[in-house]
Amino acid sequence: MGGLGKTALAQYIYNDKIVSSYFQLTSWICVSDNFSETVLVKKILESLSEEKVADLQLQSLKSKLKTKMENKKFLVVLDDVWDNGDYMTNWERLMSFFCNVGAVGSKIMVTTRIGSVANFMATKGIERHEIKGLSKQESWSLFERIAFKGKAVEGDERFERAGKEIVGRCVGVPLAIRAMAGVLSSKRNVVDWEALKDKQARLDSMDSDKRILATLRLSYDHLPSYLKPCFAYCSLFPKDYEIEVKTLVQLWMSQGYINCVQSSSSSSSSSSSDLFEVGVGYFKSMLSRSFFQEPHEDHSGNVRWCKVHDLMHDLALEVAGKESVTLRASNPVVDDGINFDGLRHISFDFEGRRSRKPWQVPHLLPRATKLRTLLPANMNSWGMNANGGEEYETIFSNMPSLRALSLRGALMKSVPPSIHKLKRLRYLNLSRNAMQMLPEGITKLVNLQVLVLDFCEELRQLPRDIVNLSNLEFLSLIECVRLTGLPPGIGQLTLLKELSSFEVTNAFHSSGAATSRVSELKHLNGLGGKLKISNLELVKDEAEAQAASLNTKQHLRTLELCWNIIRPADDAAEDGRTLEALEPNENLKELKLWGYAGSSLSTWFFNSLKNVVIISLTYCDELRYLPSLDPLVSLEELTLYKLYSLEYIQIEEPTPPSASAPAPSSSKNGVQLLPSLKSLTIWECANLISWASSSKIEMPLFPRLSVLDISKCPKLESVPRFSVHVEKVRLNGMESELLGEFAASSIPPPHSPTHSRFRELTIHRIYGLRVLPQELLPQLVSLESLDIESCPNLSTLSSPAATPLQFALPVLRRFNISKLSGLDCLPEWLQHSSKLQELVIWSCGGLKSLPEWFPKLAALETLIVNDSELLSPRLESSTAEDWHKVAHVSKIVVSYKMVQRNGKYLVAEAGDQHQELEAEAEDDEQLLTSTQSSRYILLLNYYRKAKLYLTVGLAFVNRTASIGHLLWYNIELIIAYSIPVSFSLHCLDIMNISSV
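Since this is a predicted model, take the numbers as computed values, not measurements.

1. Examining the overall build of the chain
Thinking step 1. Of regular secondary structure, the chain possesses 26 helices and 35 strands.
Thinking step 2. Residues counted as buried form 53% of the 996 residues belonging to the chain.
Thinking step 3. In the chain, of all internal contacts separated by at least 6 residues, the share reaching a separation of at least 24 is 64%.
Thinking step 4. For the chain, the exposed surface amounts to about 43100 Å²; the carbon and sulfur share of it is 49%.

Below you can see the structure in the form of structure tokens.
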């Protein structure tokens, strides 16, 4: 039976920390009615790799998955398995595969509502656990909490009597109980409750499964009429799909489903500018009725993503009828049995499509002349012909009624001018395409409300008459890196709710008019979400900046203010006045400054940021101190990056906060606090001395800090104090005495039952460090990852005052020591780290051999030893002196050569490995798409395969990083790791940036 909570229980188990720590690999896959062996293997591989996997043949996918899973203890959850006729055969093959790759202790968990599937799984060694419904008391408690909302209602006895009958017919199914309770929560007339009870009673003759779906149908029938088409529209998304709420509401808007007059939650105004907020209200109303589930909120409390329960999805399909359909591109006969003449909404599901050839639209699609929606079901990629052509002409010429069109990832190099024929179009998504310009005809789409151009990295400019789109509310330009400003008059689009990027420029548009003055923002008071303003160094007039009126934009949540960091020093004189004039509204949640060259921050830090959650200051070279941050009681994340002149974060006499600012909070002993701060990052502040400029100012205590990252602050004399909640710490480039101070500051108060929760500790470039501080040792009992690098005077990793057992790290999984030239042996305590999985030894020239106890590390899977001239020769082959100590390790790399893989000793020479690497590279090149993002991904894949040269490969390459950073990092890799230049240039050539 569906809706009992099988998936919820499986998620609870899957996410449990004890369970996740037991397994080395975990993967959650929603199967539904598509139990295809190829699809499942690909999904599992993508889940484990955390990246998209190319459409390969089954054997190639299995080979890659085997490499990932071999000899590892894994947990794979297959959620919502259906009986589609082929699952038995596919399951037999999958079980055979899993049994041959996993380590002892690996588990497979399956959830299903189909009895025959459960019985079959039980015959294959999977223990069956049947989930029972809630008890009567549990059912009533759940219903009461939702339906009554904790409030007393007149005539409680009659309400309770009707409610209990309704609950009884939900047979303990939580989904049905929540749905019925959600419907009744808005009804305060007992007659309505009794009417619903009577309708539900007519379902008693049905079996349990059908009765539950019919009960959900009752909850749908009692939705307000304006919510019903909104819910039915969700049938276009696949099961278990994470739906972006903003996109969903925009699509509802495009179909005309949102009407301010009909919504009781709307204001008296019925203007178009109210539609999105009313649509969000629609969503919240259905969320409270359990038509949506698993909401994910951002730091502003807005729901960004959600899902639809499988049973609710079945209901959406039922009520959508024949007007909506999802076509599977994996089906070669995709047109069969579909009446295209009557279709209103089509989505294409590309899941499981194996062909690498561009996908062609169904030949009957031109008959769908009344179509209102055309989009990929997963909003990901079409994979159609890269040059547009007939496919797009088919859409533009034969579907004049289209309201919503997504060609995201359609590989277009140009948009056909005939797009102007779609006069009724309100939603257009052209993101992740390769066009350099948009046709002027797009400015004739006067009904357009949403235009999405994210990651169009070749786009140079927008049409000059874009101001004709007077109904435009959302213009998204994320990572349009080559876009040079906006057309003049953009400020006339006064309905805009989202303008993700605004680039100030004094260049001229093709129309001959000056473009992108910051004052264009003046009348865009409806702007919300995120706004990034670039090239602020071109603003020379304070009045011009003030005219932007940012303080009137009460819906704006994230503001990014950017100045060019490469400019003459005297150009920075205006930065302070410009920043002062760009005061944001007090509702702002996130503020980022980049390249600001003023000597101090604006006074509005005290007044306008009382609700801010995130502050990031980057390349603010002239800042010597910050204003007192004490009034920022909501601040959770603070990042200070490359503030080269910063000396103190708080000076002795900070500017007093205004009367309207909140008073600084303090602890019981009077020390000022940032009570909400969870993450503190301070990087490359070369002149930073201390948090406070005077000993009269006590160091603050951060009671909720969980992440502390201090790097390359060589003059730092003291570190912040924090509570025992810190989980991740990185200390890089500071005096060794500070490490002891840091350890002392993390010691719990006397008689405290709480111990430190350190999970990750990184210590880099503390050149004076000779021994780990005694105070640090008790804080590491929960440590899972320890990384110590470039501490050349560190001669021991043990403490003279502690025995190996006292200093044991029982849950340590990863240990990396690098450039510790003074270290002559591994610490004795390491033999007691029974869960250690990865050990990396790099440039430790004093290490002569591995200890005799090394075979005790039974869980060790990866051993990497490079640039250690005494130790490396003892591990380079199966006949080397220390090989018997490491033979149990699955993967061994020594001196940049793979010596053992998947527990098998490799006899291939380096030359053979290099040929294998190049062959794999040629295979990958065939999978390259023309989008710039894919080029970044390909570079990352190439470097991952270059582990034969790099051992551990790149630390990171962000696919949206600048080309300059990639080039520079490429040069660093060539020098540092002796990568063959031809191989590296081949990577860059594929990215088409080698000529930059």
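2. Some thoughts on the sheet that holds strand β7 (residues 324-328)
Thinking step 1. Read across the sheet, 8 strands follow the order β7-β8-β9-β10-β11-β12-β13-β14 without closing on themselves; strand pairing throughout is parallel. Here the strands that pair on one side only, and so sit at the sheet edges, are β7 and β14 (498-499).
Thinking step 2. Bridge count between strand β11 (residues 427-429) and strand β12 (residues 450-452): 3 bridges; the pairing is parallel. Bridging across to β12, asparagine 429 finds its partner in valine 452.
Thinking step 3. Docked against the sheet, helix α13 (residues 245-254) engages β9 (373-376), β10 (404-406), β11, β12, β13 (474-476) and β14, running at close to 135° with respect to β11.

3. Considerations on the sheet that holds strand β6 (residues 303-307)
Through backbone hydrogen bonds, the strands of a sheet pair up, either in parallel or in antiparallel fashion.
Thinking step 1. Spatially, the 3 strands line up as an open sheet ordered β4-β6-β5, and their pairing is antiparallel. The sheet terminates laterally at β4 (243-244) and β5 (293-297), the two strands that pair on one side only.
Thinking step 2. Judged from the 3 bridges that link them, β5 and β6 form a sheet pairing that is antiparallel. Counterpart to glutamine 293 in the pairing with β6 is lysine 307.

4. Topic: the state of the cysteines
Thinking step 1. Counting across every chain of the model gives 0 disulfides.
Thinking step 2. Here cysteine 230 stays free of any disulfide, with the sulfur of cysteine 234 as its closest cysteine sulfur at 8.1 Å.
Thinking step 3. Assessed through its relative accessible area of 0%, cysteine 230 is described here as buried.

5. Some thoughts on the packing of aromatic side chains
Thinking step 1. All told, the structure shown has 24 aromatic pairs when counted by the stated rule.
Thinking step 2. Ring geometry for phenylalanine 237 and tyrosine 241: centres 5.7 Å apart, planes at 5°, overall stacked.
Thinking step 3. Take phenylalanine 237: its relative accessible area is 4%, and that puts it in the buried class.
Thinking step 4. Their ring planes at 75° and their centres at 6.2 Å tell us that tryptophan 842 and tyrosine 896 sit as a pair that is edge-to-face. Of this pair, tryptophan 842 sits in strand β31 (residues 838-842) while tyrosine 896 sits in the loop between β33 (891-894) and β34 (897-901), and the two are 54 residues apart along the sequence. Tyrosine 896 matches tryptophan 842 in its accessibility class, with the two residues each being buried.
Thinking step 5. Three or more aromatic residues joined by ring pairs form one cluster here, namely Trp140, Phe143, Phe148, Phe159 and Trp193.
Thinking step 6. Between the NZ or CZ atom of lysine 164 and the centre of the ring of tryptophan 140, over which it lies, the distance is 5.4 Å.
Thinking step 7. Its guanidinium or amino end placed over the ring of phenylalanine 455, arginine 432 lies 4.1 Å from that ring's centre, counting from NZ or CZ.

6. Here we look at the nonpolar core
Thinking step 1. Residues Leu453, Leu521 and Ile533 are the most contacted members of the largest nonpolar core, which totals 154 residues.
Thinking step 2. Considering each element in turn, this core owes the most residues, 4 residues, to helix α20 (residues 736-745).
Thinking step 3. When near neighbours in sequence (up to four residues on either side) are disregarded, isoleucine 533 contacts Phe502, Val504, Val518, Leu521, Leu550, Leu559, Glu560, Leu561 and Cys562.
Thinking step 4. Within the second largest apolar cluster, 74 residues are counted, among which are Leu4, Met180, Val249 and Leu275.

7. A word on the packing of helix α7 (residues 136-147) against helix α9 (residues 174-184)
When two helices pack together, their arrangement is given by the angle between the helix axes and the distance between those axes.
Thinking step 1. Running from amino to carboxyl end, α7 crosses α9 at an angle of 30°, the nearest separation of the two axes being 8 Å. Between α7 and α9, the crossing angle belongs to the class labelled roughly parallel. Pair α7 / α9 crosses with right-handed handedness. From α7, Ser139, Leu142, Phe143, Ile146 and Ala147 reach across to α9, where they touch Pro174, Ile177, Arg178, Met180, Ala181, Gly182 and Leu184.
Thinking step 2. Here the residues of the contact of α7 with α9 sort into 9 nonpolar, 2 polar and 1 charged.

8. Quick look at the packing of helix α11 (residues 208-221) against helix α15 (residues 310-320)
Thinking step 1. Running from N to C, α11 and α15 point in directions that differ by 65°, and their axes come no closer than 10 Å. Crossing handedness for the pair α11 and α15: right-handed. Along the contact surface, α11 presents Ile212, Leu213, Leu216, Arg217 and Tyr220, while α15 presents Leu311, Met312, Asp314, Leu315, Glu318 and Val319.
Thinking step 2. Partitioning the contact of α11 with α15 into residue classes produces 8 nonpolar, no polar and 3 charged.

9. Re the environment of lysine 210
Thinking step 1. By the element assignment, lysine 210 lies in helix α11.
Thinking step 2. A residue is classified by how much of its surface remains accessible, and lysine 210, at 57% relative accessible area, is exposed.
Thinking step 3. A C-alpha to C-alpha distance of 10.0 Å links lysine 210 and glycine 2, two positions 208 residues apart in sequence.

10. Re the side chain of glutamate 520
Thinking step 1. Position of glutamate 520 among the secondary structure elements: in the loop between β15 (501-503) and β16 (529-534).
Thinking step 2. Although buried, glutamate 520 forms no salt bridge, and the nearest oppositely charged side chain, arginine 517, lies 7.1 Å from it.
Thinking step 3. With residues up to four places along the chain from it excluded, the contact list for glutamate 520 reads Pro488, Gly489, Ile490, Gly491 and Phe502.

11. Digging into the environment of serine 20
Thinking step 1. Along the chain, the position of serine 20 falls in helix α2 (residues 17-22).
Thinking step 2. Through-space distance from the C-alpha of serine 20 to that of phenylalanine 74 is 9.5 Å; in sequence the pair is 54 residues apart.

12. Section: unusual backbone geometry
Peptide bonds are trans in most cases, and residues, glycine excluded, mostly fall at negative phi.
Thinking step 1. A positive phi is found at glutamate 479, a non-glycine position, where the angle reads about 55°.
Thinking step 2. Within the fold, glutamate 479 resides in the loop between β13 and β14.
Thinking step 3. Residue glutamate 479 is classed as partly exposed on the basis of its relative accessible area of 30%.
Thinking step 4. Residue serine 843 is not a glycine yet carries a positive backbone phi of 55°.

13. Details of α15
Thinking step 1. By the criterion of burial, α15 is predominantly enclosed, with 9 of the 11 residues buried.
Thinking step 2. Within α15, the full set of buried residues consists of Asp310, Leu311, Met312, His313, Asp314, Leu315, Ala316, Val319 and Ala320.
Thinking step 3. For α15, the elements touching its buried residues are β2 (74-81), α9, α11, α12 (228-233) and β7.

14. Some words on a nonpolar patch on the surface
Thinking step 1. Taken together, the side chains of Leu9, Tyr12 and Ile13 present a nonpolar region at the surface, about 300 Å² in accessible area.
Thinking step 2. Within the element layout of this structure, tyrosine 12 appears in helix α1 (residues 6-15).
Thinking step 3. Given the relative accessible area of 63%, tyrosine 12 is considered exposed.

15. Side note on the pairing of strand β17 (residues 556-562)
Thinking step 1. Burial analysis of β17 places 6 of its 7 residues in the buried class, the great majority of the element.
Thinking step 2. Across 5 bridges, the pairing between β16 and β17 is parallel. Considered in β17, the bridge of lysine 532 is made with glutamate 560.
Thinking step 3. By the bridge criterion, 5 bridges tie β17 to strand β18 (residues 590-594) in an arrangement that is parallel. Residue pairing in the sheet places leucine 561 in a bridge with leucine 593 of β18.

16. Comments concerning the pattern of salt bridges
Thinking step 1. Counted by the stated rule, this structure contains 34 salt bridges.
Thinking step 2. Linking glutamate 498 and lysine 246 is a salt bridge whose minimum nitrogen-to-oxygen distance equals 2.7 Å. Of this pair, glutamate 498 sits in strand β14 while lysine 246 sits in helix α13, and the two are 252 residues apart along the sequence.
Thinking step 3. Residue glutamate 498 is classed as buried on the basis of its relative accessible area, which comes to 10%.
Thinking step 4. Of the residues examined, lysine 246 reaches a relative accessible area of 28% and is grouped as partly exposed.

17. Some words on the side chain of threonine 443
Thinking step 1. One can find threonine 443 in the loop between β11 and β12.
Thinking step 2. Side-chain polar atoms of threonine 443 contact the backbone oxygen of glutamate 440, separated by 2.6 Å.
Thinking step 3. If sequence neighbours within four positions are ignored, threonine 443 has contacts with Pro463, Asp465, Ile466, Asn468 and Leu469.

18. Some remarks on the confidence of the model for the chain
Thinking step 1. Per-chain confidence: the chain averages 79 in pLDDT, with 77% of residues scoring 70 or above.
Thinking step 2. By mean pLDDT, helix α24 (residues 947-950) is the weakest element of the chain at 34, and β12 is the strongest at 97.
Thinking step 3. Here residues 652-671 is modelled with pLDDT under 50, and outside its nearest four sequence neighbours on either side it reaches 31 contacts, counting other chains as well.

Rules used in this analysis
Residues numbered from 1 in each chain as written. Predicted model: local features only at pLDDT ≥ 70, side-chain atom pairs only at ≥ 80, totals over all residues. Heavy atoms only, no water. Helix = DSSP H or I, 4+ residues; strand = E, 2+ residues; numbered from the N terminus. Buried < 20%, exposed > 50% of the residue type's maximum accessible area, 1.4 Å probe, protein only. Contact = heavy atoms within 4.5 Å. Areas by Shrake-Rupley, 256 points an atom, 1.4 Å probe, with all protein chains shown as cover. Pairing = 2+ DSSP bridges. Axes fitted to C-alpha atoms, helices over the stretch in contact; angles between N-to-C directions. Disulfide = S-S within 2.5 Å. Phe/Tyr/Trp six-rings, centres within 6.5 Å; stacked < 30°, edge-to-face > 60°. Lys NZ or Arg CZ within 6 Å of the ring centre and 35° of its normal. Core = buried A, V, L, I, M, F, W, Y, C linked by side-chain atoms within 4.5 Å. Parallel < 35°, antiparallel > 145°, perpendicular 65-115°, else oblique. Left-handed = near helix turned anticlockwise from the far one by under 90°. Nonpolar A, V, L, I, M, F, W, Y, C, P; charged D, E, K, R; others polar. Lys, Arg positive; Asp, Glu negative; His and termini not counted. Salt bridge = Lys/Arg side-chain N within 4 Å of Asp/Glu carboxyl O. Patch = residues over 30% accessible without salt bridge, like charges linked within 9 Å, V, L, I, M, F, W, Y side chains within 5 Å. Polar contact = N/O pair within 3.5 Å; in protein donor to acceptor, adjacent residues only side chain to side chain. pLDDT = per-residue confidence, 0-100.

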